[in-house]
Every structure is written in structure tokens, then in C-alpha cells.
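# Inside the fold
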Amino acid sequence: MSTAWEFLFFCFCLLTVFGITLTPNGSGVVRVVVKEGSDAILPCSLNTKENAESKLFDWKKDGGKEVFFYDAGLHSNNGRPGQDQQFKGRVSHFQDELKFGNASIKIRNTKVTDSGDYTCDFPRLQPRQIFHIQLVVVGASPEPSVKTLNQTQDVALLQCEILGAFPKPTVEWQDSAGNKLPAEETQVSERGGSFYIILQTTVKKTDNYSCVATQEEIKHQIYAETYVFISEKLFVDTCSRGVVAGLFGGIFLGAVIFAAVQAFLVATKFITVRRNKGSREKRLSLRSCRAAVKKHSLID
Ligand SMILES: *[C@@H]1O[C@H](CO)[C@@H](O)[C@H](O)[C@H]1NC(C)=O
């Protein structure tokens, strides 16, 4: 049990440290996944482990491009011509490993365009041996670039731009609650093996909006936020209604007091013995006026 966990942990550490995944996926194809800019080791070892120092092996990409050629000591890095321009100065073999039948190569500073199917071929062996290795160079999406293109009193047009990512990310606009917003315009272009994506959306209310780019294959997600303030018609007439009510209330109260005074005068005139006692307390509670929300327009 504990040994199993230690083993898993060890594997995890290896994957984390080297960022390399080797996946023999049944079809005999080995898959190597690396991050753009890092080095990739493409494995190739003779089953017999026989010494390969005096043998011939040939690495090719996508069935044609010469990646690395080795023939009994003469190879692509010491005078053998024919290597594709794409790999000049970036590929090396492991001289000390050859005697164990290990013809692996290392590609330095990988580019997304290095992704593809590689073959390691021993054409003169009987039987001939060919190994297939799939290289996937991933370009994790950079942080999206977001901006407000245009804003009127009621709406704002937001734009999100992904400047190069591979594999192709899904990109979407979300409000602060995580709801996906309908996108109005999407432009997708591909340059140098990377995807460039532009996504626009129109929003109608104040919120924090995020543009989220997800690359499911490499479990990569990155987002950028932008705050948009859009004036909302909060100017409900609570204030003016209060004023009007107060005005009518005042007139009514005035009339009541006037009538009371008249009645008092009339009463004192005719009934002098009795004195007017008590006076009604009138309380006028003025509802506070809510501050009117002024119209603002804020552009990030
Ligand atoms: C072949 O050599 C490379 C580079 O040293 C190494 O990473 C790899 O594990 C070797 N393969 C085998 C099967 O020994």
C-alpha cells in the first residue's frame, strides 16, 4: 500500500519536474508532451539493446523532414547534410547511450510547430525496426487581453484577445456569476502553429466581466477581468413624490390649524369661562429624500 503510494508520488514528481508525459497508447505510438520552449527527449531504443554505435538510424518528422541522421559515427551534427532547416542546431543524440541500443534524441527549445509524428528508423536491421513517437508541444494560452471597445449610456462592447495558444483554447465571456455570455464576433486565425482568437460581446449592466480561455487537453485555464459601469435608471421618483406629499400635507395642516384658531376665537368669544386646554401636537415627519443617482459613464 505505502509502496504503491510512494511509487505514484514518485511518478507525479517526475511529471511535475520534467513536464514530460510518456504514454504508450496501445498502438505502439509513444506520446511526448512538453511545454513550448522546453526541451523534448524523443525515446528510441532497440528491443535487443544491441550496440548501435556502428549502425544506421534515421529520425524523420511527418514522414519526410530530416530531423537527425546517424550512420556509424557520421551524423547531422558533424557533417552529414540533409537536416531540415527547422531542426538546425537544436537536435542531438546521446553518444554514451548508443552502446545500449539507445538512439533517443533531444530537441532543444521546442516550438509549437515541432509537434507531429516522428519516426526512428533502423532500415538496415534484420528485421527492420521503426519506432513511432508523437510529439505535442503545447503553448499555454497567455493571459487574455481585454478591453472596452465602445460604450454608450446603455451598453458596452467588450473585446477579448488571445495572442497565441496551442492547442486551440475555448474562449468565452462570463459575468461575475459565471454565466456564459453570447459572443457577437469571433475571429480565429492560425499562425506558426498557434491560435489567435478575438471574441466580442455586448453587455448591458454594471458588473465584473471575465474572459476565460480554457485548454482542456493540457488542463490550462486563464482569465482576465474588466469592470464595466453602466448607468442604471435608479432615479425612481421617491424624492419628488415625498415633496409633493409634504406640500399637500402642509396645506391641509395649515387649513386645519386655521380652522382650529377660528373655532378657538369663536369659542372664547362665546364661552369665556372655559379655557381652551391642550393643544394637539402635530408632528410632521419628513421622509428623507433619497439621493438621486446621477448618470455616470465609466470607461475602463
Ligand atoms: C536513453 O537515453 C536517454 C538520454 O540519456 C534516457 O533519457 C533514456 O531513459 C534512455 N532510454 C533507455 C531505454 O534507457
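Basis of the calculations
Residues numbered from 1 in each chain as written. Predicted model: local features only at pLDDT ≥ 70, side-chain atom pairs only at ≥ 80, totals over all residues. Heavy atoms only, no water. Core = buried A, V, L, I, M, F, W, Y, C linked by side-chain atoms within 4.5 Å. Buried < 20%, exposed > 50% of the residue type's maximum accessible area, 1.4 Å probe, protein only. Helix = DSSP H or I, 4+ residues; strand = E, 2+ residues; numbered from the N terminus. Contact = heavy atoms within 4.5 Å. Near = heavy atom within 4 Å. Polar contact = N/O pair within 3.5 Å; in protein donor to acceptor, adjacent residues only side chain to side chain. Areas by Shrake-Rupley, 256 points an atom, 1.4 Å probe, with all protein chains shown as cover. Nonpolar A, V, L, I, M, F, W, Y, C, P; charged D, E, K, R; others polar. Phe/Tyr/Trp six-rings, centres within 6.5 Å; stacked < 30°, edge-to-face > 60°. Pairing = 2+ DSSP bridges. Axes fitted to C-alpha atoms, helices over the stretch in contact; angles between N-to-C directions. Disulfide = S-S within 2.5 Å.

Let's shift gears to the nonpolar core. One broad rule of soluble globular proteins: the nonpolar side chains tend to lie buried together. With 26 residues, the main nonpolar core has Leu42, Trp59, Tyr118, Phe122 and Leu135 as its most contacted residues. Those elements that provide at least two residues to this core are β2 (29–35), β3 (40–42), β4 (56–61), β5 (65–71), β8 (105–107), β9 (116–122) and β10 (129–138). With sequence-adjacent residues up to four places away left out, Leu135 is seen in contact with Val32, Val34, Ala40, Leu42, Ile107, Asp114, Ser115, Gly116 and Tyr118. Judged by nonpolar contacts, the second largest core, of 18 residues, contains Cys160, Trp173, Leu181 and Val203.

What follows covers the site of the ligand. Ser45, Phe94, Glu97, Asn102 and Ser104 make up every residue found near the ligand. Asn102 has a polar side-chain atom sitting 2.4 Å from an oxygen atom of the ligand. Look at the ligand: alone it shows 360 Å² of surface, and the protein chains cover 51% of it. Along the lines of polarity and charge, the residues of the shell around the ligand split into one nonpolar, three polar and one charged.

The next subject is the packing of aromatic side chains. Overall, the coordinates contain five aromatic pairs when judged by the stated rule. Relative to Phe122, the ring of Phe57 has its centre 5.5 Å away and its plane inclined at 40°; by these criteria the two rings are tilted. You can see Phe57 sitting in strand β4 and its partner Phe122 sitting in strand β9, a full 65 residues away along the chain. Accessibility classification places Phe57 together with Phe122 in one group, the buried group.

With six of seven residues buried, β9 lies mostly within the body of the structure. Across seven bridges, the pairing between β9 and β10 is antiparallel. Following the sheet pairing, Phe122 is matched in β10 by Gln129. Remark: six residues form the turn of the hairpin made by β9 and β10, two consecutive strands paired antiparallel.

The next subject is the sheet that holds strand β7 (residues 91–93). Spatially, the three strands line up as an open sheet ordered β3-β8-β7, and their pairing is antiparallel. In this open sheet, the two strands that pair with only one neighbour each are β3 and β7. When the angles between neighbouring strand axes are averaged without regard to direction, this sheet yields 25°. One ladder, built from three bridges, connects β7 with β8; its direction is antiparallel. Within β8, the residue paired with Ser92 across the bridge is Lys106.

Attention now moves to the side chain of Asp114. Within the secondary structure layout, Asp114 lies in the loop between β8 and β9. What makes Asp114 buried here is its relative accessible area of 0%. When residues no more than four places from it in sequence are discounted, the contact partners of Asp114 are Lys61, Gln86, Phe87, Arg90, Ile107, Asn109, Leu135 and Val137.

The next subject is the pairing of strand β16 (residues 207–215). Most of β16 is tucked away, with eight of its nine residues classed as buried. One ladder, built from five bridges, connects strand β13 (residues 170–174) with β16; its direction is antiparallel. Residue Val171 lies in a different strand from β16, and its bridge partner there is Ala213. Here β16 runs beside strand β17 (residues 220–230); their pairing, made up of nine bridges, is antiparallel. Within β17, the position partnered with Thr214 by the bridge is Gln221. Hairpin geometry of β16 and β17 is characterised by an intervening segment of four residues between the two adjacent antiparallel strands and by a positive phi of about 50° at Lys219.

All chains considered together, the criterion is met by two disulfides. Paired by a disulfide, Cys44 and Cys120 hold their sulfur atoms 2.0 Å apart. One disulfide, between Cys44 and Cys120, carries an S-S torsion of -70° and so falls in the left-handed class. Taken as a pair, Cys44 in the loop between β3 and β4 and Cys120 in strand β9 lie far apart in primary sequence, 76 residues in all. Since its relative accessible area comes to 0%, Cys120 is described here as buried. Listing the disulfide partners of the chain by sequence rank of the bonded cysteines yields 1-2, 3-4.

The antiparallel open sheet is built from four strands, whose spatial order is β11-β12-β15-β14. What marks the edges here is a single partner per strand, and that holds for β11 (145–151) and β14 (185–191). Each strand axis lies, on average, 15° off the axis of its neighbour in the sheet, ignoring direction.

Any functional reading would require information beyond the geometric quantities listed.
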